[in-house]
Every structure is written in C-alpha cells, then in structure tokens.
Protein chains: 4
Amino acid sequence: MGNTFGRLFKLTTFGESHGNSIGGIIDGCPAGLEIDFEHINLQLARRKPGQSSITSSRKESDIVEFNSGILKGKTTGTPIGFIIKNNDVKSKDYDHLQNVFRPSHADFSYYAKYGIRDHRGGGRSSARETVCRVVAGAIAQQILIKIGVKIHAYVSKVGSVKLNKSYLEIDPDKIFSNNVRCPDLSISNKMIEQIKIHKENGDTIGGQITVFAKNMKPGWGEPVFDKLHACLAKAMLSINAVHGFKYGFESVDISSCKGSQVNDIIENSSGKTKTNFSGGIQGGISNGNDIYCKIDFKPVSTIMKNQYSSDETGKVTLIKGKGRHDSCVVPRAVPIVESMMALTLVDHFLISKTNKI
Amino acid sequence: MGNTFGRLFKLTTFGESHGNSIGGIIDGCPAGLEIDFEHINLQLARRKPGQSSITSSRKESDIVEFNSGILKGKTTGTPIGFIIKNNDVKSKDYDHLQNVFRPSHADFSYYAKYGIRDHRGGGRSSARETVCRVVAGAIAQQILIKIGVKIHAYVSKVGSVKLNKSYLEIDPDKIFSNNVRCPDLSISNKMIEQIKIHKENGDTIGGQITVFAKNMKPGWGEPVFDKLHACLAKAMLSINAVHGFKYGFESVDISSCKGSQVNDIIENSSGKTKTNFSGGIQGGISNGNDIYCKIDFKPVSTIMKNQYSSDETGKVTLIKGKGRHDSCVVPRAVPIVESMMALTLVDHFLISKTNKI
Amino acid sequence: MGNTFGRLFKLTTFGESHGNSIGGIIDGCPAGLEIDFEHINLQLARRKPGQSSITSSRKESDIVEFNSGILKGKTTGTPIGFIIKNNDVKSKDYDHLQNVFRPSHADFSYYAKYGIRDHRGGGRSSARETVCRVVAGAIAQQILIKIGVKIHAYVSKVGSVKLNKSYLEIDPDKIFSNNVRCPDLSISNKMIEQIKIHKENGDTIGGQITVFAKNMKPGWGEPVFDKLHACLAKAMLSINAVHGFKYGFESVDISSCKGSQVNDIIENSSGKTKTNFSGGIQGGISNGNDIYCKIDFKPVSTIMKNQYSSDETGKVTLIKGKGRHDSCVVPRAVPIVESMMALTLVDHFLISKTNKI
Amino acid sequence: MGNTFGRLFKLTTFGESHGNSIGGIIDGCPAGLEIDFEHINLQLARRKPGQSSITSSRKESDIVEFNSGILKGKTTGTPIGFIIKNNDVKSKDYDHLQNVFRPSHADFSYYAKYGIRDHRGGGRSSARETVCRVVAGAIAQQILIKIGVKIHAYVSKVGSVKLNKSYLEIDPDKIFSNNVRCPDLSISNKMIEQIKIHKENGDTIGGQITVFAKNMKPGWGEPVFDKLHACLAKAMLSINAVHGFKYGFESVDISSCKGSQVNDIIENSSGKTKTNFSGGIQGGISNGNDIYCKIDFKPVSTIMKNQYSSDETGKVTLIKGKGRHDSCVVPRAVPIVESMMALTLVDHFLISKTNKI
C-alpha cells in the first residue's frame, strides 16, 4: 500500500535500490500532450548520482524507457508505463548489514512491519525510488507549462549557510548554474564548502529547499481535508529525509506574528494581493498568487563514522559506514521537490475542471 | 471533493458555519467498540466556543446526536452517522460582507473556484467544521487506548511566549488545568496575558501546538507516498490556520544539524532508541518510539481593525471586523490536533493488520 | 467500509432500518446547479413504502431535509448533507428474531463479519437504505438532464409475466401510470395480478427491470477496470435482491449468437450505429448510442410462511414471517435503478472532463 | 484513470497490444508469501494465444519478469513490478485500419474520448491486457489457497452447446484436459466442433464461463456499495467481451421464481445452508457457502467477413477481417475469470481483517 500518488493524475511506482530496475505507471495523464523527452532527461540528470564532487559516486545513467501510453510522441490517455534499469549496484557493500539495523534508517521499521526486508542499499526505503517521481513530475510540469504555471525549486540553506532572500529576489535561471543549486553564487560557494567539510569528516549535514509556482490559477485545492497546502505538505514529507514543511509567511515566524501584520489585502477582483503571506492559498484553495513553501531536510543517516546499533537478535554491534552516499541530500533533491509540487498541482488542476456545472 | 479523511477508518463531513447543522459519517470503524460518550463530550467541550474569556463568545452547546452504527453503546461495523445542530448563528453579522472578500480568508478563493459562496460566517471554510473531526477523533482515540496508544497535545507557544521544554518534561494531566492548555502554569499565564493584550487591541496572534503519541506500536505507515509522517502532515495542515509542520528533532533546527549528532542509536531488538530525533518514524513507518510533532498556526485573519479589500466587482472597500472570533486559535485547537493524529494513526493501524500473510 | 459510491461525484450513506434516521453526504456535486426539489420528492414518492396495495404497508413520509451545500436553491460545491427521519418503526415485530438467522437474509453474514448485528428490520442490510440513493440519484439526474441525457427504468418482468418489447418500443410517459411501473397497460395488469396472488399465498416473486439512457454522450467510461458497463454492473448489483445483470444485446442470448449477427455497423463519424447490440458502450467507453441494461431481482426473502432456520447457538428454530414487506420488490426499485445509473453516469461524465489536455 | 483494481490488494497495469511490452504493479501484497512461479507460468500458458487449433495463432511466449517486491522467492510487502515483452507483433496487419472504426470494437469510443488512438491491434482495448490480470490473479490465488479457498472456472457454454450440470457435479481436474476447458468430455468435443465451424465460416461465437470458490470463509464483502457480488460483477464485466453476470440461483431463472422455492435454510451455527441459491453471499457478505457465478461472453467482434463501417471523416468503408484472432474467446478466458475472482476475494479478505476491534 501507499505506492500511488494522486487522484486523477496518478503515479504508482515500484522498485528497490538494488533490484534489476525501478519504474512506474502514470494513470490519468490527459491525452494529446506532446512529450518533451529532453526535459525529462534534463530533470533526471539533475537528480542522478555521480553528477558532481558533492554527490554520491554511484554511477547511474538513469535512462528511462517508456513502454506504453505514448504514440508518435503524444500521450494517448492510456497508462504510461516506464522503467529505468539499475546499473551500478554494489550489493556486497551491504553484506555486513544483513542482520543489523542501521541507526536512523528504515531497517528496523521495515523489519517490524513486514517480518522480512531487503537490506541491500536500503531496499525500497532508498531515495533511489525518487527517480520515478522525477519522470512523472517532468510530465506533470509540461502540462502545467501549457497553462502557464511555472515551478522552480532551489537550495535555500545548507547547515548554517542560509540564503537570506525572498524567492522573488532570486533569478531562476541561475539555480542550476552551480552544483549545490542555490541561485546566489556567493552563497552557493559557501554551501559547497560546508558540504565538503562534512564529507571529509565522514559526516553529513541537513538543508532546506524553497519551491514556488508562478502564474498560478485560482480555484485549485479541495477543502476540507484535501486542502492544496495539505496535499503539498504530504507530497513533500513523502520525500526521503524531509522533516519539516512551511508554506507562505516569507521569512516571518508563523506562530509569533499578529493578524494585522500578515493579512493580505486584496487589490482587485482577480484576487491579486498586496502582500502574500498566505502563500497563494486561502482556505485550502489557490487564489492565483504565487505558491511558495520551505522544506527542511535532515542530514543523511549514513555517516562514515563508527556507530553502535542492534542486530535482529538484540546484540549490540559496531557499524562502520560503507557504501556510496551523499553528504547532503538537498542539491539532488531540487528536481524531486519540483516534481512533487508538479504532481500535486496537476492533480488538483484536473479535479478543478469538475467543480462547476 | 476532499471531504473524506482516511482509507479504512474514513470520516466524511458536511456543514457550513451558519447552516442548520453540521455532521459526518464514520465508515470503517471496527465493530464491537464500546463507545465512551463522556469522553466524546469532554473533547467537544474542550473545542467549543464560549468556554472561556479567551475564546470566541459564540455559544454552541455542541451536543452530538448519533444516528446509526451504534447499538446498545457498541459499534456494529456499519457507518456511524452523527449530527450537531448550529444554535447560536448570527448571520446578520455577515450581511455587509456579502459581496466583499475579507483579507486572508477563503472568500475569494471559494468564489473563484465555485462561482458561488456562502458568505455567512465563512460557510464551509469556517473552523466550525472541525467539530466533526473531534467527534470522530474521540472515537479513534478510544480504539488507540484499547491497544495502549495514548495521544496528548498542548500549546507550546503563543506569539513570543514559548514553552522551552521537551514533551517528555511536561505533565499531561496539567494540560487542561488552564484556559490556554499549556501544562506549565507560569508559562500558561503569560500566554493568556499575551492573548488578552491582542484581543484588547482588536488584533490576533499565532501559536504552536505540540502533539505526541506514547506507547506506540512499530509497523504503522505505508511507504513510499503514504509515509506515516506525510499523512500526519496532511492531517495537521488540513486544520484551519495551520501553516507549518515538523516531526521529530526536538528543539533542534532540522536543516542545520549533523548526522553524527542526530542519529538515533538502536538499543535492542524491540527498536527502542537512545535518542529519538527521528520522532518515532523511520522510512515512513513507526518504530515503536514516541511520535511527536510541532504544528504552527498563523494568527486568525478576522481582526477588529479597519482593513481595505476588494469586492466582487474589484471596488476597494473598507471592512471593519465584526462577528465573534478567537484572538488566538491554539487553545481550542488542542483537541482538534489530537483528533487528527488519532484519525491518522487508527487508519494506519488498520492498514497494518493486512501487511503480513 | 463500502458505504461510498463514486469517485468524483461521491455519495456516502448511513442508517439502519429501525434507527432514528437515515441519510447521506454527496461530495463533489458541481457548483451552480439549481436543485429541483419537486423532482427529488417525486422520485422519493415512487420508492416509498405504503404507496399502493402491492407494496409494504410501512408508512414513511420520506421527507428529506438538506443540511448543507445548497444556498438559495443552488449547489455551492461543498458537501450536501441530507437526512430522512424513520417514522413508522415497529421494532417489536423483530423481537422474536433477536437470536435467529432468517433464511436468505443477511442476518448470519453480518453476525459472522462483525460479531454483532442490529436485528431490527434487517438493520443496515434493509432496503430502507436505498432511500438515500434516490435522493442523490435525483440530483445526479438533474445534472444529466442539463447536458441532455435522460434515464428511464421500468419493470419488464414479474415472475412469468414478461414484456416482450424493446425499450425503444415503450412510452416512457406511461411507466408511472400504474402501480407496477410497466409501460404496457395490459401487461402491467397481469403483473399486478401475479404479485397479488403471491401476496395472498404469503409468498414472494422475482422480477426484472430494464433501464436505458437516451441522448448519451460518447467518451464516458475508464478502461480497463472501470469500464462504464462494469461500473453500471456494480451499481446495479449493489441494490438489494439483484442477482443478475446484462447490458446490450436486446432480447438476444449473448452467449449463443454469432459475431456476424450482432456487430454494430457504424453509420457516420458521430458513431451512430445501425444496430445497437453493444448497448452504447464499446471497450468500456460510451459511443453515444443508447445505453440499456436488464437487471434481475430475486424474490424477497421474507415470506409469510413457516420456515426452519438456525439460531446463534445452532439450535433449529421455526420462524413465522412477520413484519411489513413487499411481495415483489421491482415496482419500488424502479427509481432506485434510475438513481444508480444516474450516479454512475454523472461520475464518469465528470471524469471525462479531464481526459484531454 | 481506471487502470487500478482493488483497494488493499491493488493491481495497476499498463500496455498496448502492439507496444514493446505490457506489465503491472501489485501494491499491497502481504509480505512473507512464498511465490509459486510454476503456478503463475501455468496460468499464463492457459491464457496465451497460439496454444491450440481453436485459439488465435499469435505466438507469445508470455514470460513474465518480476522486477521488485520479491526477495529469495518471498514477497517483501513492497510493490511487485512485473513486465512481459510483446514479441509476435504484426502491426502491418492494421495499417488499413488506421482511420477506420471497426464495428463493435473500441476504435470509435477511444477516439471520441481521447482524440487520438493506437489503432495497432486495438491498442489498450485489446484483450492482450488481460495477461497482467493472470499474473496478479495467480498470486492472489496462492494467498487464497493458504487459507483454504480454492477457485475453479470452466466453460459451461459455447454458442448453442451447453453443459447441463451444476458446478457441484463436475470434476475440476478435468477442466484443462481439453482445449475448450469444459470438464465434460462429450460436451467439450461438441464445443470444439462448434468453434471450428464458425472459424471456417470466418465467423465468431459467444459463450459462458462458470466460476466457483469452495471452502469459502464467512464475513467477506463490504455493504452497501461494495457488496461482494457487486465487486465480482464489476471484476467480471471488466473482462473484454463480457456482457452478462449472474451469481447464485443454479440453473433457475432468477426473476421468475418464488421466495418459498429459493430461500436457503440455515442448518447450523456455522451458516451452512441446505440449498445455496444465494450463491454464498447474503447482504453482500460471504456466508461461508460456495460462491458461484455465470459470466456471458459475446462473440468476438473481429470476423473474417466483409463489413461496412465509417472512417474518421464519416466515409463509409468496406473492411475485411485480417489479423490473428480467436473465433471464441471463452477457452482462453478461463484463467482470466479465475484471476478476477481471486483478485476480488483477496482484496475483501484483507479488508475483513479490519472489521472487528
């Protein structure tokens, strides 16, 4: 259970980190969309490991093969099946972990739930799974672009290095100009330095991604339980290592401000507001102003230091970090965050088509 | 759409702030549960308006009538229909708002979505809707208590007044000993003072609620999209005025800490960890340690000050705050947060029954 | 579980035969529909007991009260809650059945499933539940009428008395001209006679309803599992006492005919076919031709004859039929069948709005 | 939409008749099941084309490759991805049909719905899609066998040749002893003859499959809308070419019998009934007696005769049947029917685990 995202634009995925392949099925993609395969590949390249000195050295070509639902480059309305081979699998790196639960990983919880687990590379709990989200998210983005909506995500914090700018002040074209995906070059250099220091120490560091959607349409989001921001929160929290979510409210602390400070004055009948503390969503429904959210990532749990833990029998065991891992997950997570926002927005866009008679 | 919560334990609700009544249907409640009606009424009393000097003066008895699914005090497995009358409705207070969109309310977004809106008391977008969540949440809590799981929520922040304690340091029995629902009496007095000051100024203030579940069972949560914490995030963000969510990580800033600091060492084969930065969930599945989350509420949008806004024709209009409202929503939201956590956990508890052959 | 019908136009219901009330919530009804309350009442009147000499003598006024989702007669897009009081409840009639399982009723199966059951009037398994389907179905019909689609159902068989006409040959205006709801008056008289004979004998008799939709639109239905006719079959089989379903193929026996006999030649680019053995659906998608189905009802299980059965302890017990029941269920089921078809079609109409970009 | 079956045991499929491959994802399969791959292959072999003189001559090896969710032969609880290559694709056979709508196929309805269609071999509307149902159905059967439930399907009618026996009178071991899958050898020979005659004439013929489940457990099925038989009806009607469904009532005509004839007397507290006209389901919930259904298939629409039809522009066109097709679909549909019953039953078995506290 739980391997499907969305209600009308539905992504279902399968695959383990060290299985032969990973893939998914998109059901509900509207017919007649001309697929931009280059854009999909671009997003995959931005996520894939081994792309720079600050990411995992696992080498995956991450070539997606589409098996159905596309005819002569256009979607037909039938399910889009796709598959990505796992190439650079080094399962031997995990032999010593067969019976031991790594700290802050999903080893114990999977075992407790299912009574069985694939220990190789974290199995299904590996972030390798997110490659499928990027494939579907890229297609979702292409639908949104057709109606004008444009999504951008960028790294706004790595450890103690923070970008002190609103999303309105950055240049989206500069996001991918550097390995850490922060659009401010002086800050991005500091971020990269911070990651490298932790990598050298065999340690890891957390970070934050900011994501926004411009040129939004009003009327998306289904109250009361499927509020647009609630669905966005779920989408983001479903990404590996995410522990926190905030939408709207700029750099203001939500819980300590006054109503008179943060009420967004509506300027005209199109719903345009003077300020946008609401983050483009009111009562769970988009109001046409920009949507923006901040997503907090914890440090990666696999560290290259000695740690004690328990094995299946309860025996305390010393674990030494092995395998190829990221010291900071946020640079590669940028296209994943964009994808999850796109999947959420497209789903609500489709639902909104049925709101009026 | 969007008025159903849950997959196996499903709550569907209806009702507007100023309609004749509000209610819901619980489908999937296991049979054979002896309902504790006093507990339901207690939770309703904790949520209802007019209960103290720091809440809205609207007077609602909030008496729930059950129409089905319960026989001689026990659930039968069939849907539980329930209804609550709206008594103290003063729709005239909203006559002047018929064609105007209040700032930071859902007036514009509902209108944009549906082309029609119930302007009286915010209609469906009113937090009055949450009364149904408390009814269902109380029943969900009773199921959880049967298997040992106990949920508590409390106010951990109001404006600038913050409780600087871990959830482990507070006494749950003291939460409801005061009107603001903070278990530390010296802090709670400061919080009440803060709310009163803003009320006198016709202003409102945000706050934060901390919620935790003790004696958790491992194995709840469905990766990859329905991770337990992702579902909790959605549940919490679906509550009116919530803008932020964080799980685990105590008072530590998620994005700026190192892996070696926050990895939770597993002590034995039951999954008990030395620290609990993971917040009781790993890879989206509970690991048996306590779950805890922090939920940030924005200040209430209805202020008793003059504000400009736009009406349906785009004309700028001066609005003066009227109606009966809370200056700070968090004290009354405590049982709502508990309810949403209970609904989420029960749903995943039921799903987890099907994980093994 | 199982008390919700539909994906975008969703009906969730509650209520037992002898509870204080019965009702439901419609979620996903498009906004802006002007509700025709008279039409709803008309459909309810056609279903309600006590309306003629051939139906159950239970007297229910079946007055529906709407609690939300409708403002000044128009739907607002928010959930429509509704409730119907149970008035003429004679639970004492069922005292002798408290521990005994009636033959061919749901007494045993509910007990086996839930370990508890409401024995009064069949509890949730009573056809009283269908009153909620008629309320929602009437609203669904009103949406369909707005886009031109018109549904009619009629009794085509009672016991051995069969109407040997195609649905194309009958006059829909004559359906409700008689108590048995067969549009052919000479046949309807024979049907009424047949019902009366069985009633006098304390026995019951089965029957068949034919339902059709005219002026259909092409493109409704979602292959491969949610084919339009598969959803119609589920809808119809979910009605109490239904055991059989057939769509298309006129009076021809499906399994014994040849392809060359029943292939529907397409006459023009609008998809109009010369014959319509396909019943307006091809590959699970409507093709714009009429949809028609035949639904077979078993005889009512409650007979006024002595029957042996088992009680909860396994003791064989003599049961004598008591209570107020229909001798033949089909006359009152006509609006129910129409409702289930309308609910199914509206749901697929809404989904079809999202099929193209 | 519509490419997912089930609520807890969920099958999602993709693939067109002439795409490079076809496959699916099973989400919610309980962990710890030791997969019997030989049984899966056996069921696939029973469905595949080219297996005998009375089936389509298309040659497909139908080798399924599993990509995830199975570790050392056991299910892990994570999604099971699988893929089957399409080998013997002769798309050229369909070149002449690129712009023309074949009679009684889904050509027109897909085009009307999506504005685009894959004309090669019927695209997604081809029965080739059912190969995925057999893979998942075989796994579902293996779960059922673990708890004792055994499903068998067989051909009970081909054209005018009917097997006049109850399912209780046949020997399941003889079903696959012949090409037509009728357990009575003298009848099966007549059926084969009938199919051959129609094949020689370039024509096709309908048929009927009977399916039953023995050693059933009581308590499966979710009233009121997800009644077990309603879900079975939907499952069966979702199979290509099925137009009719009946459950229970042996060879008796449902609509013309009397209550006193067909009421099933309960013999003891285990729910065992003297007769079983109810077909093992009462009020939508299994009662522990055998479930049995009859499913009517229309004749295959592709005939080897000249037929007129319309093309996309409305021009009348003569079509001559080409391609490799079955003259009668029922022999190959036997494992498909078994699979759909197994998928339905397993899903309800899992749900039933959550019915009691």
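Not measured: the values here are computed from a predicted model.

So, on to the overall build of chain A. Counting secondary structure elements, chain A contains seven helices and 16 strands. Whereas a compact globule of 357 residues would reach a radius of gyration of roughly 21 Å, chain A reaches 21 Å, a difference of no more than 12%. In terms of overall dimensions, chain A has C-alpha extents of about 65 × 50 × 40 Å along its principal axes. Within chain A, residue pairs in contact and separated by at least 24 positions form 71% of the contacts whose partners lie at least 6 positions apart. Only carbon and sulfur atoms are counted for the fraction: they give 49% of the accessible area of chain A, which is about 10,900 Å². Side chains of chain A give 47 positive and 34 negative charges; the mean places of these two sets differ by 0 Å.

Below, the discussion takes up a nonpolar patch on the surface. Together, Tyr308, Val316 and Leu318 of chain A make up an exposed nonpolar region whose accessible area comes to about 310 Å². With respect to the secondary-structure elements, Tyr308 of chain A resides in strand S15 (residues 306–310).

What follows covers the packing of aromatic side chains. Inspection of every chain in the model, using the stated rule, returns 44 aromatic pairs over all chains. Ring geometry for Tyr110 of chain A versus Tyr114 of chain A: centroids 5.8 Å apart, planes at 55 degrees, classification tilted. Taken together, the positions of Tyr110 of chain A and Tyr114 of chain A, both in helix H2 (residues 107–114) and four residues apart, correspond to about one turn of that helix. On the basis of relative accessible area, Tyr110 of chain A is assigned to the buried category, the value being 6%. According to the relative accessible area criterion, Tyr114 of chain A is buried, its value standing at 4%. With a centroid separation of 6.0 Å and 50 degrees between ring planes, the pair formed by Phe249 of chain D and Phe277 of chain D is classed as tilted. Of this pair, Phe249 of chain D sits in the loop between strand S11 (242–247) and helix H6 (259–262) while Phe277 of chain D sits in the loop between H6 and strand S12 (281–282), placing them 28 residues apart in sequence. Using a relative accessible area of 1% as the deciding quantity, one classes Phe249 of chain D as buried. Among the aromatic residues, ring-to-ring pairing joins Tyr154, Tyr167, Phe212 and Tyr292 of chain A into one connected group. Just above the ring of Phe176 of chain A sits the side chain of Arg46 of chain A; from NZ or CZ to the centre is 3.6 Å.

Turning our attention to the interface of chain D and chain A. Listed by partner, the interface residues are 42 residues for chain D and 42 residues for chain A. Together, the buried faces of chain D and chain A total about 3,100 Å²; carbon and sulfur atoms form 60% of this surface. At the junction of chain D with chain A, the criterion picks out zero salt bridges. Viewed at the interface, chain A and chain D are joined by 14 residue pairs in polar contact (both at pLDDT 80 or more). Looking at the side of chain D that touches chain A, the elements that each hand over two or more residues are strand S2 (10–15), strand S3 (21–27), strand S4 (64–66), strand S6 (74–75), strand S7 (80–85) and helix H2 (107–114) of chain D. Looking at which element gives the most residues to the side of chain D that touches chain A, the answer is S2 of chain D, with five residues.

Every contact between the two is made by 108 residues of chain A and, on the other side, 108 residues of chain B. Regarding the contact of chain A and chain B, the summed buried area is about 7,800 Å², with carbon and sulfur atoms giving 59% of it. Together, Lys113, Phe225 and His243 of chain A form the three largest contributors to the area buried by chain A at its contact with chain B, with a combined 12%. Linking chain A to chain B there are six salt bridges. Across the pair Glu222 of chain B and Lys113 of chain A runs a salt bridge whose closest N-O atoms are separated by 2.7 Å.

In this section: the relation of the copies chain A and chain B. Least-squares fitting of chain A to chain B yields an RMSD of 0.0 Å, with the superposition described by an axial translation of 0.0 Å and a rotation of 180 degrees. The operation mapping one copy onto its partner corresponds to a two-fold rotation axis. Both copies present the same face, since 100% of the interface residues in chain A are matched by interface residues at the equivalent positions in chain B.

It is worth spelling out the relation of the copies chain D and chain A at this point. Overlaying chain D with chain A gives an RMSD of 0.0 Å, the required rotation being 180 degrees about an axis along which the chain moves by 0.0 Å. Here 100% of the contact residues of chain D are again contact residues in chain A; the copies associate through an equivalent surface.

Let's shift gears to the pairing of S15 of chain A. Residues and elements named next belong to chain A. As defined by bridge partners, S15 adjoins strand S16 (residues 316–320) across five bridges and the pair is classed as antiparallel. Among the inter-strand pairings, Tyr308 is bridged to a residue of S16, identified as Leu318. Where S15 hands over to S16, the hairpin turn is made up of five residues, of which Gly314 adopts a positive phi near 95 degrees.

Okay, helix H7 (residues 330–352) of chain D next. Relative to the 33 Å expected for 23 residues at 1.5 Å per residue, H7 of chain D spans 32 Å between its end C-alpha atoms, a close match to the ideal helical length. Among the 23 residues in H7 of chain D, 23 count as buried, and that is most of the element.

Attention now moves to the pattern of salt bridges. Per the stated rule, a full pass over the model turns up 60 salt bridges over all chains. Residue Asp62 of chain B is joined to Arg128 of chain B by a salt bridge in which the shortest nitrogen-to-oxygen separation is 2.8 Å. One end of the pair, Asp62 of chain B, is in the loop between helix H1 (37–47) and strand S4 (64–66); the other, Arg128 of chain B, is in the loop between helix H2 (107–114) and helix H3 (130–146), with 66 residues separating them in the sequence. On the accessibility criterion, Asp62 of chain B (3% relative accessible area) is buried. Overall, Arg128 of chain B belongs to the buried group, its relative accessible area being 6%. Each member of the salt-bridge network shares a partner with another, and the members are Arg47, Glu60, Asp62 and Arg128 of chain A.

So, on to the sheet that holds S3 of chain D. Residues and elements named next belong to chain D. As summarised here, the arrangement of the five strands in space is S1-S2-S3-S7-S4, forming an open sheet in which the pairing is antiparallel. Strand pairing shows two members of the sheet lacking a second neighbour, strand S1 (4–5) and S4, which therefore form its edges. Here S4 pairs with S7 via three bridges, running antiparallel. Among the inter-strand pairings, Phe66 is bridged to a residue of S7, identified as Phe82.

Okay, helix H5 (residues 228–237) of chain A next. Since the α-helix packs 3.6 residues into each turn, any two residues three or four apart lie on the same face. Counting buried positions over the ten residues of H5 of chain A gives ten, a clear majority of the element. For H5 of chain A, the complete set of buried residues consists of Leu228, His229, Ala230, Cys231, Leu232, Ala233, Lys234, Ala235, Met236 and Leu237 of chain A.

Position of Gln208 of chain B relative to the elements: it lies in strand S10 (residues 207–214). By relative accessible area, Gln208 of chain B is classed as buried at 9%. Separated by 3.2 Å, the side chains of Gln208 of chain B and Asp296 of chain B make a polar contact. Residue contacts for Gln208 of chain B: discarding those within four places in its chain leaves Ser255 of chain A together with Tyr154, Val155, Ser156, Lys157, Lys294, Ile295, Asp296 and Val330 of chain B.

What counts and how
- Residues numbered from 1 in each chain as written.
- Chains lettered and ligands numbered in written order.
- Predicted model: local features only at pLDDT ≥ 70, side-chain atom pairs only at ≥ 80, totals over all residues.
- Heavy atoms only, no water.
- Helix = DSSP H or I, 4+ residues; strand = E, 2+ residues; numbered from the N terminus.
- Rg over C-alpha atoms; globule rule 2.2 N^0.38 Å.
- Contact = heavy atoms within 4.5 Å.
- Areas by Shrake-Rupley, 256 points an atom, 1.4 Å probe, with all protein chains shown as cover.
- Lys, Arg positive; Asp, Glu negative; His and termini not counted.
- Charge placed at Lys NZ, Arg CZ, Asp CG, Glu CD.
- Patch = residues over 30% accessible without salt bridge, like charges linked within 9 Å, V, L, I, M, F, W, Y side chains within 5 Å.
- Salt bridge = Lys/Arg side-chain N within 4 Å of Asp/Glu carboxyl O.
- Phe/Tyr/Trp six-rings, centres within 6.5 Å; stacked < 30°, edge-to-face > 60°.
- Buried < 20%, exposed > 50% of the residue type's maximum accessible area, 1.4 Å probe, protein only.
- Lys NZ or Arg CZ within 6 Å of the ring centre and 35° of its normal.
- Buried area = accessible area lost by both parts, 1.4 Å probe.
- Polar contact = N/O pair within 3.5 Å; in protein donor to acceptor, adjacent residues only side chain to side chain.
- Least-squares fit on C-alpha atoms with pLDDT ≥ 70 in both.
- Pairing = 2+ DSSP bridges.
- Expected span 1.5 Å × (residues − 1).

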